[in-house]
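For reference, the chains in residue letters:
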Amino acid sequence: HVQLVESGGGLVQPGGSLSLSCAASGTIFSIIAMCWYRLAPGKQRELVASLTSGGSTNYADSVKCRFTISRDFAKNTVYLQMDSLKPEDTAVYYCNADRVYTGATVGNYWGQGTQVTVSS
């Protein structure tokens, strides 16, 4: 059984920084892509950043040059470094692992979400 556990959310002032992490556990042979999504009140879920096993990254226009996604392949952990945070970055951030190969199955998994609040 694959689980994703997130950590690192919290309250930060505008212009500040936060770092999120998401660790995947279970019997995992490989993960093709790990991503961060966010959901803000009254808005649709948004793909914030993604990182494939081949090293390709993709960012939402709203976070380019401010957020950085990285990954520790050995630990099946993905990170999101968020700098120059703005109030509009306030949301629940969710980790997603796509095309997770366990040997018997290929699946897509979600973390439980972590709240990020940017406010003075």
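Whatever comes next refers back to the structure up there.
A brief structural summary. For clarity, every value in this text was computed on a predicted model and none was experimentally measured.

### Remarks on the pattern of salt bridges
Item 1. By the definition in use, this model includes 5 salt bridges.
Item 2. Of the charged contacts, one joins Arg-38 and Asp-89 as a salt bridge, the two residues approaching to 3.0 Å between their closest N and O atoms. Of this pair, Arg-38 sits in strand E4 (residues 30-39) while Asp-89 sits in the loop between strand E8 (77-82) and strand E9 (91-101), placing them 51 residues apart in sequence. Comparing Arg-38 with Asp-89 shows no difference in burial state: the two are buried.
Item 3. Arg-66 is paired through a salt bridge with Asp-89; the nearest N and O atoms lie 2.7 Å apart. Taken together, the positions of Arg-66 in the loop between strand E6 (57-59) and strand E7 (67-72) and Asp-89 in the loop between E8 and E9 put the pair 23 residues apart, joining distant regions of the chain. Pair check on accessibility: Arg-66 and Asp-89 agree, each one buried.
Item 4. Linked by salt bridges that have partners in common, Arg-38, Glu-46, Arg-66 and Asp-89 make up one network.

### Considerations on the nonpolar core
Item 1. Trp-36, Val-48, Phe-67, Ile-69, Leu-80, Met-82 and Tyr-93 are the most contacted members of the largest nonpolar core, which has 31 residues in total.
Item 2. Sorting elements by how many residues they give to this core places E9 first, with 5 residues.
Item 3. Those residues in contact with Ile-69 that lie beyond four places of it in its chain are Met-34, Trp-36, Ala-49, Ser-50, Leu-51, Thr-57, Tyr-59, Val-78, Tyr-79 and Leu-80.

### Side note on the state of the cysteines
A disulfide bridge is the covalent bond that connects two cysteines by way of their sulfur atoms.
Item 1. In this structure the tally under the stated criterion is 1 disulfide.
Item 2. Paired through a disulfide, Cys-22 and Cys-95 show a sulfur-sulfur distance of 2.1 Å. Torsion about the S-S bond of the Cys-22 and Cys-95 cystine: about -80 degrees, corresponding to left-handed handedness. Of the two residues, Cys-22 is situated in strand E3 (residues 18-25) and Cys-95 in strand E9; the sequence distance between them amounts to 73 residues. Each member of the pair, Cys-22 together with Cys-95, is buried.
Item 3. Cys-35 takes part in no disulfide bond, and the closest cysteine sulfur to it belongs to Cys-95, at a distance of 8.2 Å.
Item 4. Cys-35 gets classed as buried once you look at its relative accessible area, which sits at 7%.
Item 5. Residue Cys-65 stays outside any disulfide, its sulfur separated by 19 Å from that of Cys-35, the closest cysteine.

What counts, and at which threshold
- Residues numbered from 1 in each chain as written.
- Predicted model: local features only at pLDDT ≥ 70, side-chain atom pairs only at ≥ 80, totals over all residues.
- Heavy atoms only, no water.
- Salt bridge = Lys/Arg side-chain N within 4 Å of Asp/Glu carboxyl O.
- Helix = DSSP H or I, 4+ residues; strand = E, 2+ residues; numbered from the N terminus.
- Buried < 20%, exposed > 50% of the residue type's maximum accessible area, 1.4 Å probe, protein only.
- Core = buried A, V, L, I, M, F, W, Y, C linked by side-chain atoms within 4.5 Å.
- Contact = heavy atoms within 4.5 Å.
- Disulfide = S-S within 2.5 Å.

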